[in-house]
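Listed below, chain by chain, are the residues.
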Amino acid sequence: MAATTTETTCLFCSLCCPAGVAVDEYGLTAPEYPGHTPAAHHGLCYRGHFIAELANHPGRLTDGIARDGSAMHAVRPAEALRRAAELLHGIRNELAVVVDGNLPCEELAAAVRCARDGLGIGRATIFIPPADEAMLRGLAASQAPRLGEAAVAECDVLLAVGDPFATHPLIASPALDAIGKARGHQLINVDSLRGRTSRFAADFCLVRPGGDAAALAGILNALGSFADLSLAKAAEMAGVAPGALERIAAALGKAQKLGVLLSLPEGRCAAASAVAALAAKIALVRGGGICPLLTYGNAVGARRVAAALGATPLAQLLAEIKAGAVKKLIVLGTDLAAALPVSELASVEFVLAASAMPSATTARARAVVPMALWFEMGGTVVDGAGQRRSAGRIASPASGALTPSQVLAALGAEKGTFSFSASLTQDELDALLGAEAPAADVLSAPVAWGAPTAEGRLVLVSRSDGIGFADGSMSAQLAWPAMMEPRPVLRLNPRDAQALGGDAATVRSNGVAIALAIAASGDVPPGVAALSPRFGEARALFPWTAGGAGPALVTVEKCGGND
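Residues numbered from 1 in each chain as written. Predicted model: local features only at pLDDT ≥ 70, side-chain atom pairs only at ≥ 80, totals over all residues. Heavy atoms only, no water.

## Topic: unusual backbone geometry
Moving on, step 1. Positive phi, normally seen in glycine, also occurs at cysteine 16, with a value near 50°.
Moving on, step 2. Looking at the element boundaries, cysteine 16 is found in the loop between β1 (4-9) and β2 (18-24).
Moving on, step 3. The exposure class assigned to cysteine 16 is buried, which follows from its relative accessible area of 0%. (Helix = DSSP H or I, 4+ residues; strand = E, 2+ residues; numbered from the N terminus. Buried < 20%, exposed > 50% of the residue type's maximum accessible area, 1.4 Å probe, protein only.)

Here it is, written out as structure tokens:
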């Protein structure tokens, strides 16, 4: 049988690139951009190629799993659902449902409605990574236009906050096209590490870890639009030389069309919402736009669906877990146990988990059922620029795999209480996707935007990682990421690495101690340590709040690697 190409949308980042996937008698083969799309000339990034591997992955769950005491064994999915229904009998008031937000909007709405209106579960949360949520909360405080790839290519000056060329490699193509068009076109980069983006920047501003917000406030001040933090104080808090912020503001002031690229991964930024709001205000005051580079492809769509349906915010759910009001969870799609610090979820019981792959969450669940992937569902998603994309269904779900709403409907059928149809009309979908969460005040505490410092300790930040996917639950299952970096490596400035000596160290932070391999890197400033956040043990080192993870103060001590 000749291969045919079916189109979908890649949800491994908010660029939401169109992906054409060849299908033959053996299943999905090499994904690539459809030839008719503007991006066809540079092909998919390495994450896009994960689509076929995920669909055909030998580790995909096809059976259900049930736990008897500490033992887990395979059962039919229907049996796993029956056991879950028994466990959930009569506990609706202390139960919550969490559904992964990186799924088509129709499915997200169906899952929330199934949980609340079909099963009577009042708490239903749509999960998106906390850093994405923080960024979108900050952007809501500004009316700056959102830019997609095509609009980025038309900008004569680009301000990159973070390291977008590393976290979202395909944005580099339109960005470099833009700055290569004419003399005077330039890229300016503000970041706390010398990353991939800095290598192409005409002006690179290295700030202290956590000093991003202060630096942007100073630039906005120099542009005459932010009086809450003086320029001199902003430079001091950001750890930059006098005149650096004025120089950047002067360059931005010459832009005919300014574009701001914003990448804020977990563990890199201390005040992500403020950084996003300030970056958007810089774009707005110069008549430009902002390109938010989010981890989840459908983070914008998920947030809109959650706002329209009044879903329980993640921060509220965690507060209720801490208060003892929520004791049991149904988790559909996301690896919640890996995505958040262990301490946040220590008191909760994972009663039922639906997942395409084994994960930290399935390991803690009493019952597990296999779940379909987004490209086995199909539907509508919203990219970072706010544009709707069609994520086509390119394959049938793996044997036994269900969507989140099907899991909840089947659970209701087991309980004998479900008589609910969750299908959406086009008008209902339009209403959901027209909703925006209310803007929050995220710029009211500029005195808190300073960088953390402590004598005798290093500041740990996350290293921009194009391989990792939010909590790493997807990429941890794939062959190439595991081959490229099979274990977490702490990167230090050569001076700090030499002073420490040895090739391994014990890193201590927030009551956590982890032995890590060490590598020297000139991209890391003195006094700073960098670590990929896609490893669960690495994520535990960062301090977490409702706004995500920020830089951590850590002690690093030489060890033999077995501490």
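## Notes on the pattern of salt bridges
Moving on, step 1. Across all of its chains, the model carries 18 salt bridges by this definition.
Moving on, step 2. The closest approach of N and O atoms between aspartate 523 and arginine 199, which form a salt bridge, is 2.9 Å. Of the two residues, aspartate 523 sits in the loop between β21 (512-520) and β22 (528-531) while arginine 199 sits in the loop between β9 (186-191) and β10 (203-206), which places them 324 residues apart along the sequence.
Moving on, step 3. Since its relative accessible area comes to 52%, arginine 199 is described here as exposed.
Moving on, step 4. The residue glutamate 349 makes a salt bridge to arginine 366 at a minimum N-O spacing of 2.5 Å. Placement of the pair is glutamate 349 in strand β14 (residues 349-355) and arginine 366 in strand β15 (residues 365-370), with a sequence separation of 17 residues.
Moving on, step 5. Overlapping salt bridges bring together Asp68, Glu79, Arg82, Arg83 and Glu86 as one network. (Salt bridge = Lys/Arg side-chain N within 4 Å of Asp/Glu carboxyl O.)

## Quick notes on the packing of aromatic side chains
Moving on, step 1. Taken as a whole and assessed by the stated rule, the structure comprises five aromatic pairs.
Moving on, step 2. For the pair phenylalanine 127 and tyrosine 296, a centre-to-centre distance of 6.3 Å together with 75° between the ring planes defines the contact as edge-to-face. Here tyrosine 296 lies in the loop between β12 (289-293) and α12 (299-309) and phenylalanine 127 lies in strand β7 (residues 123-127), a separation of 169 residues in the sequence.
Moving on, step 3. A relative accessible area of 1% places phenylalanine 127 in the buried class.
Moving on, step 4. Judged by its relative accessible area of 3%, tyrosine 296 falls in the buried class.
Moving on, step 5. Ring-pair connections join several aromatic residues into one group, and the members of that group are Phe12, Trp374 and Phe375. (Phe/Tyr/Trp six-rings, centres within 6.5 Å; stacked < 30°, edge-to-face > 60°.)

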